[in-house]
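An overview of the molecular structure
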Amino acid sequence: MSSLKKEDLRIVFMGTPEFAVTILDALVQNEFNIVGVLTAPDKQAGRGRKIHKSAVKEYAEEKGLTILQPTNLKDETFVGELEALNANLQIVVAFRMLPKVVWQMPDYGTFNLHASLLPDYRGAAPINWAIINGETETGVTTFYLDDKIDTGEMILQAKVDITNDDTAGTLHDKLMHLGAKVVLETVQGILQGSVTRTPQAFNSHLKEAPKIHKETCRIDWNGSLKQIYDFIRGLSPYPVAWTTLNNGGEESFLKIHKASMEEGVHDLEVGQVISGKAEMKVAVTGGYIYLEEIQLPGKRRMAIRDVLNGLKLMKTASMT
């Protein structure tokens, strides 16, 4: 492919959450020609059923960009509107699976940014699962779309360390900024005609990143100290790990937003709660999980010191 000029590119950007906004903004700030933005339809949310716009839509409106919000990506009217934009490159970041009629449309293809080092962690929740599984590094990958999920030929990758203090939230932000850089490098490669395509490996040993449901988030206190700690931080700040507190026969649902761990030898029952005036810890195999920020039913997220001011724990209290 011969070298192109920046003004030759006509880009349609597809994305919905804040993660995608950072990448779109990088393209805009670098003066790429964004001829259209696809994002999720507006939704009614909250008690007042107010209309909620996606983060990408709010940004696109602010910048005066053309916005499309299709409910059906195969709808002939929408496909016609997309074709009318005359784009020759499409970039996808945290959107949805595209039909072939959409992803094969532009001359220079459609590429996606995925928040993992593919082929590992294909799926909806790569950031969460990388931490839950105790990984020490992850990264981002740009790849051309095909007819399956996250399986297309790879273009570029970049790595980032996962520290022992990272949560899904802090890692999200690291990957978001790294992703903006890699997307710009990918577009530059397309301009220069220097892009290479690397097929992904397909084998049964690849790690997956399936969608996380409420039941997925329940803590198994029979796991090791490190497994439980990684599980809690891998689900923070969203969707949040939870457990059941048994306090003198009364059970209550409890979300754990923040925790720390301490190695140690003890002969306590797994799940037993030990508390003082300002701290609360749970005995597990290999040590203790210290609860730092939790949320009781109907309450807001609170520091453990504030929770203990109004919560009387029995000596037999335990997590199940």
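Residues numbered from 1 in each chain as written. Predicted model: local features only at pLDDT ≥ 70, side-chain atom pairs only at ≥ 80, totals over all residues. Heavy atoms only, no water.

**Looking at the overall build of the protein**
Note the following rule: Labels follow the DSSP assignment, with helices taken as runs of H or I lasting at least four residues and strands as runs of E lasting at least two, numbered in each case from the N terminus. Only protein chains enter the calculation, and the probe is 1.4 Å; a residue is then buried if its accessible area is under 20% of its type maximum, exposed if over 50%, and partly exposed in between. Here a residue-residue contact requires only that any non-hydrogen atoms of the pair lie within 4.5 Å. Working definition of accessibility: Shrake-Rupley area with a 1.4 Å probe, residue cover restricted to the visible protein chains. His is not counted, nor are the chain ends, whereas Lys and Arg count as positive and Asp and Glu as negative. By convention, the point assigned to a charge is CZ for Arg, NZ for Lys, CD for Glu and CG for Asp.
Counting its regular elements, the protein contains eight helices and 16 strands. Expressed as a percentage of its 320 residues, the buried residues of the protein come to 48%. Long-range pairs, those at least 24 residues apart, make up 66% of the contacts in the protein with a sequence separation of at least 6. Accessible surface, the protein as shown: approximately 16400 Å² in total, 48% of it carbon and sulfur. Taking the 35 positively charged and 40 negatively charged side chains of the protein as two groups, their mean positions are separated by 5 Å.

**What about the UniProt feature "domain: Formyl transferase N-terminal" (unreviewed entry) in the protein?**
This is how it is decided: UniProt positions are given in the numbering used here, feature names are shortened, and annotations may be inferred rather than shown by experiment.
With numbering matched to this structure, UniProt assigns "domain: Formyl transferase N-terminal" (unreviewed entry) to residues 10-186. For the annotated span residues 10-186, helix accounts for 34% and strand for 25% of the residues, and the straight-line distance between the end C-alpha atoms is 15 Å.

**Re the sheet that holds strand β2 (residues 34-38)**
Backbone hydrogen bonds are what pair the strands of a sheet, in a parallel or an antiparallel way. Inclusion rule: Only strands that DSSP links by at least two bridges are regarded as paired with each other. To obtain an axis, a line is fitted to C-alpha atoms, over the contacting stretch when the element is a helix, and the angle between two such axes runs from 0 to 180 degrees between their N-to-C directions.
Taken in spatial order, the seven strands of this open sheet run β5-β2-β1-β6-β7-β8-β9, and their pairing is mixed. Only two strands of the sheet have a single neighbouring strand rather than two, namely β5 (67-68) and β9 (154-161). The strands touched by helix α6 (residues 168-192) are β6 (89-93), β7 (110-114), β8 (137-144) and β9; relative to β9, the strand with the most contacts, the crossing angle is about 150 degrees.

**What about the side chain of serine 116?**
Rule in force here: We call two N or O atoms a polar contact when they sit within 3.5 Å, provided that within protein one can donate a hydrogen and the other can accept it, with sequence-adjacent residues counted only if both atoms are side-chain atoms.
Here serine 116 lies in the loop between β7 and α5 (126-132). Looking at serine 116, the relative accessible area reads 0%, which means it is buried. Side-chain polar atoms of serine 116 contact the backbone oxygen of aspartate 120, separated by 2.7 Å. If near-sequence neighbours (up to four positions away) are discounted, serine 116 is found in contact with Tyr121, Pro126, Thr138, Gly139, Val140 and Thr141.

**Overview of the nonpolar core**
Counted only if it meets this: Throughout this description, the term nonpolar core refers to a set of buried Ala, Val, Leu, Ile, Met, Phe, Trp, Tyr and Cys residues connected via side-chain atoms within 4.5 Å.
In terms of nonpolar packing, the biggest core is built from 44 residues, with Phe13, Ile91, Phe111, Leu175 and Val187 touching the most fellow members. The dominant element in this core, judged by the number of residues it contributes, is α6, at 11 residues. Ranked by size, the runner-up nonpolar core spans 35 residues in total, among them Trp129, Phe231, Leu235 and Val273.

**Focus on the pairing of strand β10 (residues 241-247)**
Across the seven residues that make up β10, a large majority, six, are buried. In this sheet, strand β11 (residues 250-263) lies alongside β10 in antiparallel orientation, the contact comprising seven bridges. By the bridge assignment for β11, leucine 245 is matched with serine 252. With antiparallel pairing between neighbouring strands as the criterion, β10 and β11 make up a hairpin whose turn holds two residues, including glycine 248 at a positive phi of roughly 65 degrees. Bridge count between β10 and strand β16 (residues 318-319): two bridges; the pairing is antiparallel. Paired with leucine 245 across the bridge in β16 is methionine 319.

**Some details on the packing of aromatic side chains**
Applicable threshold: Two aromatic rings, drawn from Phe, Tyr or Trp (for Trp, its six-membered ring), form a pair once their centres lie within 6.5 Å of each other, and the interplanar angle then sorts them: stacked below 30 degrees, edge-to-face above 60, tilted otherwise. A ring is considered to have a charge above it if a Lys NZ or an Arg CZ atom is located within 6 Å of its centre and within 35 degrees of its normal.
Evaluation of the coordinates by the stated rule reveals one aromatic pair. Seen from their ring centres, tryptophan 242 and phenylalanine 253 are 5.0 Å apart, and the 35 degrees between their planes marks the pair as tilted. With tryptophan 242 in strand β10 and phenylalanine 253 in strand β11, this residue pair connects regions lying 11 residues apart in the sequence. Of the residues examined, tryptophan 242 reaches a relative accessible area of 7% and is grouped as buried. By relative accessible area, phenylalanine 253 is classed as partly exposed at 31%. The positively charged end of arginine 122 is found above the aromatic ring belonging to phenylalanine 202, 4.7 Å away from the centroid. Over the ring of tyrosine 144 we find arginine 197; its NZ or CZ atom is 3.8 Å from the centre of that ring.

**Some points on the environment of leucine 206**
With respect to the helices, strands and loops of the structure, leucine 206 is situated in the loop between α6 and α7 (225-234). It is 8.7 Å that separates the C-alpha atoms of leucine 206 and arginine 122, two residues lying 84 residues apart in sequence. With residues near it in sequence (within four places) discarded, leucine 206 still touches Pro119, Asp120, Arg122 and Ala201.

**Side note on the UniProt feature "domain: Formyl transferase C-terminal" (unreviewed entry) in the protein**
Under the feature "domain: Formyl transferase C-terminal" (unreviewed entry), the UniProt entry names residues 211-311. Regarding residues 211-311, the helix share stands at 17% and the strand share at 40%, and the terminal C-alpha atoms are separated by 34 Å.

**A closer look at the packing of helix α1 (residues 18-29) against α6**
The condition that has to hold: Put simply, a crossing is left-handed when the front helix is turned counterclockwise from the back one by less than a right angle, and right-handed when it is turned clockwise. The residue classification treats Ala, Val, Leu, Ile, Met, Phe, Trp, Tyr, Cys and Pro as nonpolar and Asp, Glu, Lys and Arg as charged. All others, Gly included, are polar.
Closest axis-to-axis distance for the α1/α6 pair is 9 Å, and the angle between their directions is 35 degrees. As α1 packs across α6, the resulting crossing turns out to be right-handed. Residues Glu18, Phe19, Thr22, Ile23, Ala26 and Leu27 of α1 touch α6, and the partners they reach there are His172, Leu175, Met176, His177, Gly179, Ala180, Val183, Leu184 and Val187. Considering only residue class, the contact of α1 with α6 consists of 10 nonpolar, four polar and one charged.

**Focus on the pairing of strand β13 (residues 280-284)**
Burial analysis of β13 places five of its five residues in the buried class, which makes it a mostly covered element. The turn joining strand β12 (residues 273-275) and β13, which pair antiparallel and follow one another in sequence, is formed by four residues. Direction of pairing for β13 relative to strand β14 (residues 287-295): antiparallel, over a ladder of four bridges. Its bridge partner lying in β14, valine 282 is registered against isoleucine 289. Where β13 hands over to β14, the hairpin turn is made up of two residues, of which glycine 286 adopts a positive phi near 95 degrees.

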